[in-house]
Each structure stands twice: as C-alpha cells, then as structure tokens.
Amino acid sequence: MEVRIDEQWKQVLAEEFRKPYFVRLAEFVKSEYQQDRVFPPAKQIFSAFDRCPFSLVKVVILGQDPYHGPGQANGLCFSVNDRIPQPPSLINIFKELQNDLSVPLPGSGNLERWADQGVLLLNATLTVKAYQAGSHQGKGWEEFTDAAIRLISERKQHVVFMLWGSYAQRKGQVIDTSKHLVLRSPHPSPLAAHRGFFGSRHFSQANTYLKDHDLEPIDW
C-alpha cells in the first residue's frame, strides 16, 4: 500500500510511527483497504502532511472525518477534488471568505492551493469506509493527529489555529496560546454556521497576525 508523506513530517512524527498504537492502526488501515472501499485513496491518506511540510505550517484548520462519498476525499479537511460538487460546509467556508476578504466564490472546492501555502488541513481521522461516516474513529487516528497538533504547538511559533465547532475546540486544548493564535467559532455546517461562523472573520484575522509576526499572509 503506497502512502506519501513529506520527509520533514517523517522525522517529526518518527516517534509516533514506532508506538504500539500506531503499529496496530497501520495494520487495521491496511486490512480495511484490502477488504473494503475506503477513502481517501491510500496514497492520499497523509496528503495534509505531504503538501504542507512542517517548516511551512503557518495555519492549521481542523476537521473531523474525511468525506465518505466516491471521489470526494483527497486527504485535506473540508477539501474535495476538482469537478466534485462542493459540500455544504465548504460552501459556507467560501461564503465567509467572500464576506471577510471579498474573495470570489471559487469554481472548485479543491483546497490544495491553501495547503501549498502553509495551511495544514488536518482531519482528526484520516480514513473512512465508503458511505459509513465515523467508521474509522477510535482506532488510533485521533491519538496520532493529537500528537501532530502538540508537536506544532511545542516546536513552532506564531501559528494560527482555526478551531471550528466543539470537536475541534476540544482537540485544540493542547495548543500553547501564549505563542500561537487560536481562533474559535461554531462549525461551518448549515446547522451551526449562522450561530457565529458567519462573521467570525478568521481569514483576515489570520493574515493580520501573520503579517504582524513578519510572516507571509495566505492568498485565500
């Protein structure tokens, strides 16, 4: 099973890869891909890390599960492949971006261009069985992604964390707020976006913070 992950992240996460929980997780994931239809494609499981090397990370957006429909998940949270209809939460993210920074609504929901600029688009769980939301939760992925967040918090400075919804906010409790900017709001889903995601202006706040710390802002 071919997977791709950036060399910097391989070094940063080397200790995690050796831990018993991750060895068990890797065996579970391998067997799932062999026996069932699982998303994203195996080579894109670590796309969030592969497209955004550790040294480049400037913004972290946390999601929960990959999309579980055919052709949607590409290893980046909230992102879908080109020519795939944009899911409701992603549409609301683009609406807030338009209201915040006057960015036109894009034709594609593929967020690879964000990742390439230093936005780590990290799901808590990196794989899912087709049509079965949450099917790979509780298998070890959460511990692994918690470790990634903790390592960013410990080893980097002036990173912007966007925590949308209560799940992401709980997961972000390990972040050192004395040296990073943590932005919190309700989730962008249609059920919650009107309770404070719309109007949160996280994108402009992130860019202001980055510029204030002599870092290149994101071209959203």
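The paragraphs below set out a description of the structure included in this document. Every chain is numbered independently, its residues counted from 1 as its sequence is written. Owing to the predicted nature of the model, reporting of local features is limited to residues with pLDDT of at least 70; listing and counting of side-chain atom pairs is limited to 80 or more, with chain, interface and lining totals taken over all residues. Note that water and hydrogens are dropped before the side-chain values are worked out from all heavy atoms of the structure.

1. Here's the deal with the overall build of the chain
Keep this limit in mind: Numbered from the N terminus, helices here are DSSP runs of H or I no shorter than four residues, and strands are runs of E no shorter than two. All radius of gyration figures rest on C-alpha atoms, and the globule criterion is 2.2 Å times the number of residues raised to 0.38. Note on exposure labels: buried denotes an accessible area under 20% of the residue type's maximum, exposed denotes more than 50%, and partly exposed covers the range between, all computed with a 1.4 Å probe on protein chains only. In what follows, residue pairs with any heavy atoms lying within 4.5 Å of each other are defined as contacts. Per-residue and other accessible areas follow the Shrake-Rupley method at a 1.4 Å probe size, with only the shown protein chains counted as cover for residues. Charged residues are defined narrowly, with Lys and Arg counted positive, Asp and Glu counted negative, and His plus the chain ends left uncounted. In this description, the location of a charge corresponds to atom NZ of lysine, CZ of arginine, CG of aspartate or CD of glutamate.
Across its full length, the chain holds nine helices and six strands. The globule rule puts the C-alpha radius of gyration for 220 residues at 17 Å, and the 17 Å found for the chain is close to it. Oriented by its inertia axes, the alpha-carbon framework of the chain measures out at about 45 × 35 × 25 Å. Expressed as a percentage of the 220 residues in the chain, the buried residues total 54%. Residue pairs in contact within the chain that sit at least 24 positions apart in sequence constitute 68% of those at least 6 positions apart. Looking at the chain as shown, the accessible area adds up to about 10100 Å², and 47% of this sits on carbon and sulfur atoms. Positive and negative side-chain charges of the chain, numbering 25 and 24 respectively, have mean locations separated by a distance of 3 Å.

2. Details of the pattern of salt bridges
Short version of the rule: Counted as salt bridges are all cases of a side-chain nitrogen of Lys or Arg within 4 Å of a carboxyl oxygen of Asp or Glu.
Counted according to the given criterion, the structure contains 11 salt bridges. For the salt bridge of E32 with K129, the shortest nitrogen-to-oxygen distance reads 3.4 Å. Remark: K129 occurs in strand β4 (residues 128-129) and E32 occurs in helix α3 (residues 20-35); sequence separation between them is 97 residues. Given a relative accessible area of 18%, K129 falls into the buried group. Shared partners join several salt bridges into a network, and the residues in it are E16, K19, R150 and E154.

3. A look at the environment of P190
Within the fold, P190 resides in the loop between β6 (181-185) and α9 (202-212). Non-local contacts of P190, meaning those with residues more than four positions away in its chain, are made with P88, S89 and N92.

4. Section: the sheet that holds strand β5 (residues 160-164)
Strand-to-strand pairing in sheets goes through backbone hydrogen bonds, with the strands running parallel or antiparallel. For clarity, the cut-off: Criterion used throughout: strands pair if DSSP finds at least two bridges between them. Interaxial angle, 0 to 180 degrees, is taken between N-to-C directions of lines fitted to C-alpha atoms, where a helix line uses only the stretch in contact.
Within the open sheet, the four strands sit side by side as β3-β2-β5-β6. Their pairing is parallel. What marks the edges here is a single partner per strand, and that holds for β3 (119-123) and β6. Here the strands of the sheet are splayed against their neighbours by 20° on average, with no regard to which way each runs. In this structure, β5 lies alongside β6, joined through five bridges in parallel fashion. Counterpart to V160 in the pairing with β6 is L181. Contacts from α9 reach β2 (59-63), β5 and β6, with the element oriented near 165° to β5.

5. Re α3
Worth spelling out the cut-off: In a helix, the anticipated span is given by 1.5 Å times the number of residues less one. This arc describes the spread of directions from the helix axis toward the C-beta atoms.
The terminal C-alpha atoms of α3, which comprises 16 residues, lie 23 Å apart, in line with the 22 Å expected from a rise of 1.5 Å per residue. Those residues of α3 that sit buried are Y21, F22, L25, F28, V29, E32 and Y33. Viewed along the axis of α3, the buried residues span an arc of 130°, placing them on a single side of the element. Away from its buried face, by an angle of more than 90 degrees, α3 presents the exposed residues P20, R24, E27, Q34 and Q35. Its buried side turned inward, α3 meets α2 (14-18), β1 (38-39), β4 and α7 (141-155).

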